[in-house]
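Commentary on secondary and tertiary structure
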Amino acid sequence: MKRMLVTGAAGGLGRAMRERLGKMADIVRLSDIADLGDAAPNEELMPCDLGDADAVMALVEGCDGILHLGGISVEDTFSKILNANIAGLYNLYEAAQAHGQPRILFASSNHTIGFYRQDEHIDTTSPMRPDGLYGVSKCFGEALARMYYEKFGQETALVRIGSCFEKPRNHRMLATWMSFDDFEALIGRVFHAPLLGCPIIWGVSDNDCSWWDNSAAAYLGWRPKDNAEIFRAELDAAIPTPPKDDPASLYQGGPFVAEPIHRDR
Ligand code: NAI
Ligand code: 15L
């Protein structure tokens, strides 16, 4: 890629990936509403609120790939989700239309399907079962991306990330964890595959404990290598296993299913 846009670059995943992304494009354009620090030699910084259509139009100009990490990443009020995850997504896709349809990796989430139980195995054809307003906004993002693909051929990888952190933080993440190395490899496959289309991909490592069937995306050639199981003993020693009737043990979305609606008033 000549110029890759990374939204949400000041967030947890943006910071974890920042150095690694420098290898994937001549120039990496980093954007967020939060502080982005100083630019490295092949970086350019363009602060922008995703809810601002004109600013997003300028942000996308000149980019030939977009890693879309920006937005509200947990349960929150509808007004915040509406601005960043709903209007923001629409603004991004309209800007992509105006600027040559750069390929997009959309950071969707397991919270699109959070109400499945942990004893169920699902694939990318399983109906959505979002576990909150945040999950609903990711369902909207996937539907919007699909529509731009069907109507205009805009390619997007809809990556339903499980839990992408340095290591699993609780027992549920033994199933949902994706390592930074596996995410980096996935980003590489998404932007270098000759044909992408608009697949749903489970963003998860090669964990022994697994609920999600990724075979529909096998054509991309992404083979995650890490396995959360190596952290089980460490987790067992550090935190108690939640009771069997706790949402963290029952549902794929874990505690998100029990979150109240965060009301604006
Ligand atoms: P994060 O919350 O740390 O980062 C999101 C970034 O988006 C923040 O820096 C924030 O300032 C920015 N942002 C929020 N509203 C914005 C707006 N209106 N305009 C511009 N920027 C805005 O989240 P994290 O963990 O880095 O996740 C990145 C993406 O991946 C998010 O879209 C999240 O929903 C998704 N994801 C992450 C998972 C994980 O395990 N880290 C799991 C599933 C999905
Ligand atoms: C997400 O969608 C969140 O962005 C992240 O913070 C984690 O909570 C993750 O899901 C998860 O389910 O573990």
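Here the structure is a predicted model, which means the values were calculated and not measured. (Residues numbered from 1 in each chain as written. Chains lettered and ligands numbered in written order. Predicted model: local features only at pLDDT ≥ 70, side-chain atom pairs only at ≥ 80, totals over all residues. Heavy atoms only, no water.)

One can describe the packing of helix H2 (residues 53-60) onto helix H3 (residues 78-98) by two numbers: an axis separation of 8 Å at closest approach and a directional angle of 45°. With respect to H3, the element H2 is oriented oblique. Handedness of the crossing formed by H2 with H3: right-handed. Residues Ala53, Val56, Met57 and Val60 of H2 touch H3, and the partners they reach there are Asn91, Leu92, Glu94, Ala95, Ala96 and Ala98. Considering only residue class, the contact of H2 with H3 consists of eight nonpolar, one polar and one charged. (Axes fitted to C-alpha atoms, helices over the stretch in contact; angles between N-to-C directions. Helix = DSSP H or I, 4+ residues; strand = E, 2+ residues; numbered from the N terminus. Parallel < 35°, antiparallel > 145°, perpendicular 65-115°, else oblique. Left-handed = near helix turned anticlockwise from the far one by under 90°. Contact = heavy atoms within 4.5 Å. Nonpolar A, V, L, I, M, F, W, Y, C, P; charged D, E, K, R; others polar.)

Before going further, it helps to examine the site of ligand 1. As a matter of local geometry, ligand 1 sits amid 27 residues, with Leu13, Asp32, Ser73, Tyr134 and Cys164 nearest to it. Gly11 is positioned with one of its backbone polar atoms (N or O) 3.1 Å from an oxygen atom of ligand 1. In the environment of ligand 1, an oxygen atom lies 2.8 Å from a nitrogen or oxygen atom belonging to the backbone of Leu13. For ligand 1, the accessible surface in isolation is 820 Å², of which the surrounding protein chains cover 86%. Every element with two or more residues in the shell around ligand 1 is listed here: helix H1 (12-21), H3, strand E5 (103-109) and helix H4 (133-152). Top element by residues in the shell around ligand 1 is E5. It accounts for three residues. (Near = heavy atom within 4 Å. Polar contact = N/O pair within 3.5 Å; in protein donor to acceptor, adjacent residues only side chain to side chain. Areas by Shrake-Rupley, 256 points an atom, 1.4 Å probe, with all protein chains shown as cover.)

Glancing now at the side chain of Thr156. By secondary structure assignment, the location of Thr156 is in strand E6 (residues 156-161). The exposure class assigned to Thr156 is buried, which follows from its relative accessible area of 0%. In this structure the side chain of Thr156 is engaged in a polar contact, spanning 2.8 Å, whose partner is the side chain of Tyr93. What Thr156 contacts, discounting residues up to four positions off in sequence, is Tyr93, Ile104, Phe106, Ala145, Leu196, Gly197, Cys198 and Pro199. (Buried < 20%, exposed > 50% of the residue type's maximum accessible area, 1.4 Å probe, protein only.)

Around ligand 2 sit Ser73, Ser109, Asn110, His111, Tyr134, Gly162, Ser163, Phe165, Arg172, Met173 and Phe256, and those are all the residues in its vicinity. Measuring from an oxygen atom of ligand 2, one finds a backbone N or O atom of Ser73 at 2.6 Å. Here an oxygen atom of ligand 2 sits 2.8 Å away from a polar atom, N or O, in the side chain of Ser109. In the complex, the protein chains occlude 82% of the 320 Å² of accessible area that ligand 2 would expose alone.

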